[in-house]
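Understanding the architecture of this molecule
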Amino acid sequence: MAEARLVDQKSTFSSFSHLLDARILRALADMGFARPTLVQSKAIPLALEGRDILARARTGSGKTAAYCIPVVQKILSAKASLPPDDDAHTSARVLILVPTRELSEQVTAYLRGLVAYCEKNIVLANVASGATSHLQRALLADKPDIVISTPSRTLGFLQSKALSLASLDSLIIDEADLILSYGHDEDIRQIFGGEYLPKVYQSFLMSATMTDDVETLKGLALRNPAILKLEEGED
Ligand code: ADP
Ligand code: MG
C-alpha cells in the first residue's frame, strides 16, 4: 500500500490540463496514469515554472514521469511558438543522464509512450548502447530533441562533436545517488567542467536517497533548486 500513499489523492492528471498539452494527457490516459504520484504533483508545476529541482523519493514513486512530463511539455510549448518550418535547432534541448543502459532503455520506453501523439514534434535518441559510428550518424542526421545516455557515452559524443548541447534547455540526472559510483565520476566532471553546456539551463536531480554523491552533483548541476524530500508514506 506504500504505492497508494505516494499518490496524490487530491488531484488527477486532468486537473493539470491548464499546464499540460492535450496530447500528453491523452498519452497518460492510455498508459493508465490517472492520478499523479506525490513527487509528480509537486515536481511538474515547479519544473514548468522553470525551477531547478532536487527530488528524493523512494524507488517506485514515479520519478521518471515527474521529469519526463515537464520536459515534453516544455518542448511542445517551445515548438508551438516557432514558425512551422523552423529548422534552426541543431542542438539537443534535453539531456537525460542515467547510470546504466538498462535504465536508458526503460526511460526511453516511457518517453515513447508519452510522445505517442506528438512523435513528429519530438525526436528521441537513446545513445547509451549500440555501435558508436551508427549512433554518431543518427545524432547528426536526426537532430534529436531529447537525448538519453550514460555520462561516458555522452562525453564521447560531445568530444566527437556528434552531439551539441549549446542550446540545451534541461538536464536531468536520474538515479543521482548511483550514477557516480557506476564509474561515471570523471565523465560527469568533464561534461560539467568543459565548454559543452550553455550558461543557463534547467536541471533536475532525481534520487532515492540523499548521499554525499547527490550533494556533489547538486553543487555541479543545480542553481537555487526546489528541494523535494518525500518521506515514505508522506502525503
Ligand atoms: P522511480 O523512478 O521513482 O523508482 P518509476 O518512475 O520507475 O519510479 O515508476 C514506478 C512504477 O510506477 C512504473 O511502473 C510506472 O509506470 C508507475 N507509475 C508512475 N507514476 C504513475 C502514475 N501516476 N499512475 C500510475 N502508475 C504510475
Ligand atoms: Mg527511477
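Only a predicted model underlies this, so the values are computations on that prediction, with no experimental measurement involved.

**Focus: the overall build of the protein**
Within the protein, the secondary structure is distributed over 10 helices and 7 strands. In summary, the protein has a C-alpha radius of gyration of 17 Å against a globular reference of 18 Å for 235 residues, a match within 12%. Viewed in the frame of its principal axes, the protein has a C-alpha envelope of about 50 × 45 × 30 Å. Across the 235 residues of the protein, 50% fall into the buried class. Restricting the contact set of the protein to residue pairs at least 6 apart, pairs at least 24 apart contribute 76%. With an accessible surface of roughly 10800 Å², the protein has 50% of that area assigned to carbon and sulfur atoms. Separation of charge centres in the protein, based on 25 positive and 29 negative side chains, amounts to 3 Å.

**A look at the side chain of K63**
Within the secondary structure, K63 sits in helix α4 (residues 63–80). Buried and without a salt bridge, K63 has D174 as its closest oppositely charged side chain, separated by 6.2 Å. Excluding residues within four positions of it along the chain, K63 makes contact with V39, A55, A57, R58, M206, S207 and A208.

**Quick notes on the pairing of strand β2 (residues 94–97)**
Of the two faces of β2, the one holding V94 and I96 and the one holding L95 and L97 are both buried throughout. As defined by bridge partners, β2 adjoins strand β4 (residues 146–149) across 4 bridges and the pair is classed as parallel. Bridge assignment links I96 to a residue of β4, and that residue is I148. Summarising the sheet, β2 and strand β5 (residues 170–173) pair through 4 bridges and their orientation is parallel. Residue pairing in the sheet places L95 in a bridge with L171 of β5.

**Focus on the pattern of salt bridges**
Two side chains with opposite charge may pair up if their charged atoms get near one another. Following the criterion strictly, the structure yields 4 salt bridges and no others. Close ionic contact of D21 with R23 constitutes a salt bridge, the shortest N to O distance being 2.9 Å. In this structure, the salt-bridge partner of D185 is R189, at a minimum N-O distance of 2.7 Å. With D185 and R189 both in helix α9 (residues 185–193) and 4 residues apart, this pair spans about one turn of that helix. One salt-bridge network, in which partners are shared between bridges, spans K79, R93 and D145.

Thresholds applied
Residues numbered from 1 in each chain as written. Chains lettered and ligands numbered in written order. Predicted model: local features only at pLDDT ≥ 70, side-chain atom pairs only at ≥ 80, totals over all residues. Heavy atoms only, no water. Helix = DSSP H or I, 4+ residues; strand = E, 2+ residues; numbered from the N terminus. Rg over C-alpha atoms; globule rule 2.2 N^0.38 Å. Buried < 20%, exposed > 50% of the residue type's maximum accessible area, 1.4 Å probe, protein only. Contact = heavy atoms within 4.5 Å. Areas by Shrake-Rupley, 256 points an atom, 1.4 Å probe, with all protein chains shown as cover. Lys, Arg positive; Asp, Glu negative; His and termini not counted. Charge placed at Lys NZ, Arg CZ, Asp CG, Glu CD. Salt bridge = Lys/Arg side-chain N within 4 Å of Asp/Glu carboxyl O. Pairing = 2+ DSSP bridges.

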